[in-house]
Amino acid sequence: MAAMEIEFKFHIPAERLQAVEAAMRRGTVVRTRLQARYFDTADQALAAQGIVLRLRKEGRRWVQTVKATGDNALHRLEHNVDLGAAAAASAAPVIDPQRHQGTPVGDRLAKVLAASGAALVERQSTDIVRLTRDVRTAGAGGAVVELALDVGKVIAHAGTPDERESPVCELELELKRGDVRGLVALAHRWSQQHGLWFSTVSKAERGARLLAKLDVVPAVKAETPRLAKEPDGRAIQQAVVASCLAQMLPNASEIAAGSIDEEQIHQLRIGIRRLRTALRELAGLDERTELFNSAEWEPPLVEAFRALGVLRDRDQVVKLAQPQLQDAGAPAFDPLAGDDVQAAHAPSPGDVVRAPAFQSVLVSLIGFTAAATAAVEAAPKSDAEAPKQAPSPSEPLDASDARRYLRKRLQHLHKQIVRDGQRFESLNSEDQHRTRKRLKRLRYLAEFVMPLFADAEDTKTSAAGRYLKRLRPAQDALGRFNDEAVAQALYRKASARDARAWFAVGWFSARHAAGARACRKALCKIEKASRFWKKRS
């Protein structure tokens, strides 16, 4: 059976498991033991392409499954082959990729295996107890959603001295029939009621990390949106938001699980900033998109961005400042020493990401990227779990008008940057900071839409790439200027505890004028940059 899975997966904190299970049992549940074996090549060719191949014993039946990543955070390609009933003591069937031949995900599997040329080996296994329950939603978002509560473990190197385990405690909500809005409504309800957070880590990935003995995985960086040919305004909005989420969700998932990796925190902040740019600058592409016109998304994103930024300011900025100060002859001094009160009251990165308001925004955004998905099948009507809001009609700009709108937005930001650059030294601190933020918005918007203005032979290294390259000196100059302003504020605050901080305050004050002048010169050079969005004669 071939299918496109549309689902949410949430991690359940250990202290919330009992309440989640009790809520599951308010309806009719089915209990199944799932014992799975996962296969890949020795060099993990499948994992590198986002493909999972497994054999799973579901009760007394064996099922072979292949899955692959889809278009966005909710979508996964999947094909299942029921291999029939098996006696409890019988050996597992032999894995056979040919069973998926002729399906989209099977063809992708075959292509990767052919390119690798390596044999399949068992990589890890899982032992899960699953409770499932179907829930019907009503109203405009009518749907049938399967809730699956999974509790168990992932095992690597089973039966060897190097055997390792990772616990599994998660809730999956999968759309079986009907409208994706019904799925989103349920995801909101369960995640908010039980304090769950969205997770991007699959059971297969858990096993791969055990095998590789990885405690921290690399941070995920931004990528260019995947835009269809001649997309309308709504499609552009969805593709750009999906691109932002592709950066945000994996980093947020790691941080929510307890990671304090600086690069993951940094990349999550970049993702939030890119998302805020998208929600502001692309609103006019489809003015009836409720998500873009709602003020509800802004406070949680701003709060998370600032809270995570405080952590960077306290650590990264001081790390950059201390060597320069030492070279200038500053007395040895730690501006953060003695500031334990603020540190004790500051939320951890995990607290910031697990906050219900932030998770609610993520659920809404994920749902928006999947909103174009057609109903899987008409869902039966019920008033059991009805979404609160009716759908909003949408009249997006067509492809031509969308490009025209984006040209105006890019041109407007470009002109503002040039204007502010010419008078940067005379701007007050607030306006100088606003100029830096505006430059980031220009950069992100250009990155979002550059595929729309590329000729057949054009790439990011040509017209758009050259334009973005012309922005970098100004970005670097403004970044240094901002970091020094933040550092000066930290040292000024520390001077109340230790007079040695005044050396740094004075040193940064003396550098301020030169820094502002460097910013002005770098910004003024942007005026001469060839604008890739301009119509060509």
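Not measured: the values here are computed from a predicted model.

(A) Layout of the overall build of the protein chain. On a plain count of helices and strands, the protein chain comes out with 16 helices and nine strands. Going through the 537 residues of the protein chain one by one, you find that 50% of them count as buried. Considering only contacts in the protein chain between residues 6 or more positions apart, those separated by 24 or more positions represent 76%. Counting every atom, the protein chain has about 25,800 Å² of accessible surface; 51% of that belongs to carbon and sulfur.

(B) Structural detail: a positive patch on the surface. On the surface, Arg470, Arg517, Lys521, Lys525 and Lys528 cluster together into a patch of positive charge. Inspection of the secondary structure assignment puts Lys525 in the segment after helix 16 (501-524). By relative accessible area, which is 55% here, Lys525 ends up exposed.

(C) Just the packing of helix 13 (residues 399-422) against helix 14 (residues 429-449), in detail. As a packed pair, helix 13 and helix 14 sit with axes 10 Å apart at the nearest point and diverge in direction by 150°. It follows that helix 13 is roughly antiparallel to helix 14 by the angle criterion. The handedness of the crossing between helix 13 and helix 14 comes out as left-handed. From helix 13, Leu406, Arg409, Leu410, Leu413, His414, Gln416, Ile417, Arg419 and Asp420 reach across to helix 14, where they touch Thr435, Arg438, Leu439, Arg441, Leu442, Leu445, Ala446 and Val449. Of the residues assigned to the contact of helix 13 with helix 14, the class counts are nine nonpolar, three polar and five charged.

(D) Just the packing of aromatic side chains, in detail. Counted under the stated rule, the structure contains eleven aromatic pairs. Centre to centre, the rings of Phe8 and Phe10 are 5.9 Å apart; their planes meet at 0°, and the pair counts as stacked. Ring pairs connect the aromatic residues Phe333, Tyr491, Trp507 and Phe508, which therefore count as one cluster. Note that Arg269 overlies the ring of Phe305, its terminal NZ or CZ placed 3.9 Å from the centroid. Taking the ring centre of Trp197 as reference, the NZ or CZ of Arg354 above it sits at 5.5 Å.

(E) Examining the pairing of strand 3 (residues 51-58) more closely. Counting buried positions along strand 3 yields six of eight residues, so the element is predominantly enclosed. In this structure, strand 2 (residues 30-41) lies alongside strand 3, joined through six bridges in antiparallel fashion. Within strand 3, the residue paired with Gln35 across the bridge is Lys57. Bridge analysis of strand 3 against strand 4 (residues 61-69) gives eight bridges, and the strand direction is antiparallel. Looking at the pairing, Arg54 lines up with Thr65 of strand 4.

(F) Local environment of the side chain of Thr137. In this fold, Thr137 is placed in strand 6 (residues 120-137). By relative accessible area, which is 1% here, Thr137 ends up buried. Only 2.8 Å separates the side chain of Thr137 from the backbone nitrogen of Ala143, close enough to count as a polar contact.

(G) Representation of the nonpolar core. By size, the foremost hydrophobic cluster in this structure holds 99 residues, and its most contacted members are Phe8, Leu406, Leu410, Leu439 and Phe532. Tallying contributions element by element places helix 6 (residues 233-256) first for this core, with ten residues. The contacts of Leu439, once residues within four sequence positions are left out, are Ile417, Leu471, Ala474, Gln475, Leu478, Leu523 and Ile526. Within the second largest apolar cluster, 17 residues are counted, among which are Leu325, Ala504, Val505 and Phe508.

(H) Up close: the pattern of salt bridges. Inspection of every chain in the model, using the stated rule, returns 35 salt bridges. We note a salt bridge from Glu172 to Arg130, for which the minimum N-O separation is 3.8 Å. Placement of Glu172 in strand 8 (residues 164-178) and of Arg130 in strand 6 is noted, with a sequence separation of 42 residues between them. Residue Glu172 is classed as buried on the basis of its relative accessible area of 10%. Owing to a relative accessible area of 13%, Arg130 belongs among the buried residues under this scheme. A salt bridge links Arg280 to Glu298, with the nearest nitrogen and oxygen atoms 3.1 Å apart. Taken as a pair, Arg280 in helix 7 (residues 262-281) and Glu298 in helix 9 (residues 298-327) lie far apart in primary sequence, 18 residues in all. Overall, Arg280 belongs to the partly exposed group, its relative accessible area being 43%. Through salt bridges with shared partners, a single ionic network connects Lys9, Arg130, Asp150, Glu170, Glu172 and Lys203.

(I) Looking closely at the pairing of strand 8. By the criterion of burial, strand 8 is predominantly enclosed, with eleven of the 15 residues buried. Bridge analysis of strand 7 (residues 143-156) against strand 8 gives 14 bridges, and the strand direction is antiparallel. In the sheet register, Val145 faces strand 8, and the bridge partner there is Leu175.

(J) View of unusual backbone geometry. At Lys213, a position not held by glycine, the phi torsion is positive, near 55°. You can see Lys213 is positioned in the loop between helix 5 (203-212) and helix 6. In this structure Lys213 comes out as exposed when scored by relative accessible area, which is 57%. For Glu230, which is not glycine, the phi torsion reads 50° and is therefore positive. Secondary-structure assignment places Glu230 in the loop between helix 5 and helix 6.

What counts and what doesn't
Residue indices follow the written sequence of each chain, beginning from 1 at its first position. The predicted nature of this model means local features are confined to residues of pLDDT at least 70 and side-chain atom pairs, given and counted, to a pLDDT of 80 or more, with totals for whole chains, interfaces and linings taken over all residues. Values reported for side chains reflect all heavy atoms of the structure, with hydrogen atoms and water molecules removed beforehand. We count a stretch as a helix when DSSP gives it H or I for four or more residues in a row; a strand needs E for two or more, and each element gets its number in order from the N terminus. When a residue's accessible area, from a 1.4 Å probe over protein chains only, is under 20% of the maximum for its type it is buried; when over 50% it is exposed; and in between it is partly exposed. Working rule for contacts: check all heavy atoms of both residues, and any pair within 4.5 Å makes them a contact. Only the protein chains shown count as cover for residues, and all accessible areas are computed by the Shrake-Rupley method using a 1.4 Å probe. Within the patch definition used here, like charges are joined within 9 Å and nonpolar side chains (Val, Leu, Ile, Met, Phe, Trp, Tyr) within 5 Å, considering only residues with over 30% relative accessible area and no salt bridge. We count a salt bridge whenever a side-chain nitrogen from Lys or Arg sits within 4 Å of a carboxyl oxygen from Asp or Glu. The charge count treats Lys and Arg as positive and Asp and Glu as negative. His and the chain ends do not count. We put the charge of a Lys on NZ, of an Arg on CZ, of an Asp on CG and of a Glu on CD. What counts as an axis is a line fitted to C-alpha atoms, over the stretch in contact for a helix, and the angles between N-to-C directions run from 0 to 180 degrees. Each angle receives one of four descriptions, namely roughly parallel if under 35 degrees, roughly antiparallel if over 145, roughly perpendicular if within 65 to 115, and oblique otherwise. Note: crossing handedness is left-handed where the near helix turns anticlockwise from the far helix by less than a right angle, and right-handed where it turns clockwise. Note on residue categories: nonpolar means Ala, Val, Leu, Ile, Met, Phe, Trp, Tyr, Cys or Pro, charged means Asp, Glu, Lys or Arg, and polar means any other residue, Gly included. Pairing of aromatic rings covers Phe, Tyr and Trp, the last counted by its six-membered ring, and requires centre-to-centre distances within 6.5 Å; plane angles under 30 degrees mean stacked, over 60 mean edge-to-face, and any other angle means tilted. A ring is scored as having a charge over it whenever the NZ atom of a lysine or the CZ atom of an arginine sits within 6 Å of its centre and within 35 degrees of its normal. Two strands pair under a simple rule: DSSP has to find at least two bridges between them. We define a polar contact as two N or O atoms separated by no more than 3.5 Å, with the added condition that, inside protein, one atom must be a possible hydrogen donor and the other a possible acceptor, whereas residues neighbouring each other in sequence contribute only through side-chain atom pairs. Take the buried residues of types Ala, Val, Leu, Ile, Met, Phe, Trp, Tyr and Cys, join any two whose side-chain atoms come within 4.5 Å, and each joined set is a nonpolar core.

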